[in-house]
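What the coordinates show
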Amino acid sequence: MSEFKRREFLKSSLLTAGLGAGAVLSCAPSKQEAESDLTIMDAIMKRRSVRHFKPDPVPEADLRMILDAARMAATAGNQQPWKFIVTRDPAVILKLKEACIAASIESMKKRENPSEEKLKENTAKVTEYYDRCFSAPIFVTILTDNKSRWPSYNHWDGPMAAGNLMIAARALGYGTVFYTDSVPDAVTKKVLNIPDQYERVCITPIGIPVEWPETPEKKDLESFIVKESF
Ligand SMILES: Cc1cc2nc3c(=O)[nH]c(=O)nc-3n(C[C@H](O)[C@H](O)[C@H](O)COP(=O)(O)O)c2cc1C
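All figures in this text were calculated on a predicted structure; none of them were measured in a lab. (Residues numbered from 1 in each chain as written. Predicted model: local features only at pLDDT ≥ 70, side-chain atom pairs only at ≥ 80, totals over all residues.)

**Describing the sheet that holds strand β2 (residues 138-145)**
Ordered in space as β1-β2-β3, the 3 strands form an open sheet in which the pairing is antiparallel. Strands with a single pairing partner mark the edges of an open sheet, and in this sheet they are β1 (82-87) and β3 (198-206). Neighbour-to-neighbour, the strand axes of this sheet turn through a mean angle of 20°, independent of strand direction. Sheet topology places β2 next to β3; 8 bridges connect them, and they run antiparallel. Its bridge partner being in β3, Thr141 is matched across the sheet by Ile203. (Pairing = 2+ DSSP bridges. Helix = DSSP H or I, 4+ residues; strand = E, 2+ residues; numbered from the N terminus. Axes fitted to C-alpha atoms, helices over the stretch in contact; angles between N-to-C directions.)

Shown next as structure tokens:
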């Protein structure tokens, strides 16, 4: 299959995601990893939260496909209350990183009143952590609009889009992570000039992982299932 056809097939499969769990998403870009036939179930099962990335750029076509999957998520009354801020400018990503480091150090000072030595040690750890977090070439901040038609449903609609985005990214070989507290709301609001009208759902990097993390311990399926009723 030509690359174009593979992509079109993948796109149409993504758009019908959820309609056929076994449908083949087919042919994630082979440049990234040796797995070439990710089914929707594979993409779901193999999605992991990734916090360290290679600098390789994400092609525009891939990004658009990932955002397209996000916008196809279910929403209350089909209200589609989102904005997706795409941040690619390294200078802005650096600003986000520096603001996170500053916020983290500030809260550490308030919490612990650390000695000079402890502060230096923790600053080095925090810097290393955020160097990794902000190693991706793209960040997408998912917002919901408080002025949407049914804003009381926004807190469900937001994560629906985020879920689609993360699975679609995984299908194409990219890692993501649903950042909340690690990248404080106040940081994204300030650096990305987010108007008060919008609520942040999360911010996620999109990029090729340095390595795919091991699956963290997941509860057994049986532990979730309630047969018939409580
Ligand atoms: C609502 C929510 C908030 C999260 N916030 C953060 C966060 O602030 N920082 C972080 O590193 N990961 C965050 N995560 C990612 C989780 O830590 C991760 O999903 C969990 O450990 C399971 O790992 P997995 O995604 O690889 O299955 C968040 C995930 C969700 C769903």
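**Some details on the site of the ligand**
Looking at the ligand, the residues that line it are Arg48, Ser49, Arg51, Val177, Phe178, Tyr179, Thr180, Asp181, Ser182 and Pro216. Counted by class, the shell around the ligand contains 4 nonpolar, 3 polar and 3 charged residues. (Near = placed C-beta within 6 Å. Nonpolar A, V, L, I, M, F, W, Y, C, P; charged D, E, K, R; others polar.)

**Topic: helix α4 (residues 90-112)**
Counted at 1.5 Å a residue, the expected span for α4 with its 23 residues is 33 Å, and the 33 Å between its end C-alpha atoms agrees. Within the span of α4, buried status applies to Leu96, Cys100 and Ser104. Contact partners of the buried residues in α4: α5 (116-133) and α7 (185-191). Asn113 sits one or two positions beyond α4 and adopts a positive phi of about 45°. (Expected span 1.5 Å × (residues − 1). Buried ≥ 20, exposed ≤ 12 C-beta atoms within 10 Å, placed from the backbone. Contact = placed C-beta atoms within 7 Å.)

**Topic: unusual backbone geometry**
We note that Asn78 has phi near 60°; this positive angle belongs to a residue other than glycine. Among the structural elements, Asn78 can be located in the loop between α3 (60-71) and β1. Under the C-beta neighbour-count criterion, Asn78 is labelled exposed, with 8 such atoms within 10 Å. Phi at Gln80 is positive, roughly 50°, even though this residue is not glycine.

**Overview of the pairing of β2**
Among the 8 residues of β2, 7 are classified as buried, and the element is accordingly described as predominantly covered. Pairing of β1 with β2, which is carried by 6 bridges, proceeds in the antiparallel orientation. Considered in β2, the bridge of Trp82 is made with Thr144.

**Topic: the nonpolar core**
The tendency in soluble globular proteins is for nonpolar side chains to be buried side by side. Ranked by internal contacts, the top residues of the largest apolar core, which has 45 residues, are Ile66, Ile142, Leu165, Ala168, Ala169 and Ile206. Listed by contribution, the elements that provide at least two residues to this core are α2 (40-46), α3, α4, α5, β2, α6 (154-171), α7 and β3. Among the elements that line this core, the one with the most residues is α6, at 8 residues. Apart from the residues within four sequence positions on either side, Leu165 is in contact with Ile66, Ala69, Ala70, Val140, Thr176 and Thr204. (Core = buried A, V, L, I, M, F, W, Y, C linked by C-beta atoms within 7 Å.)

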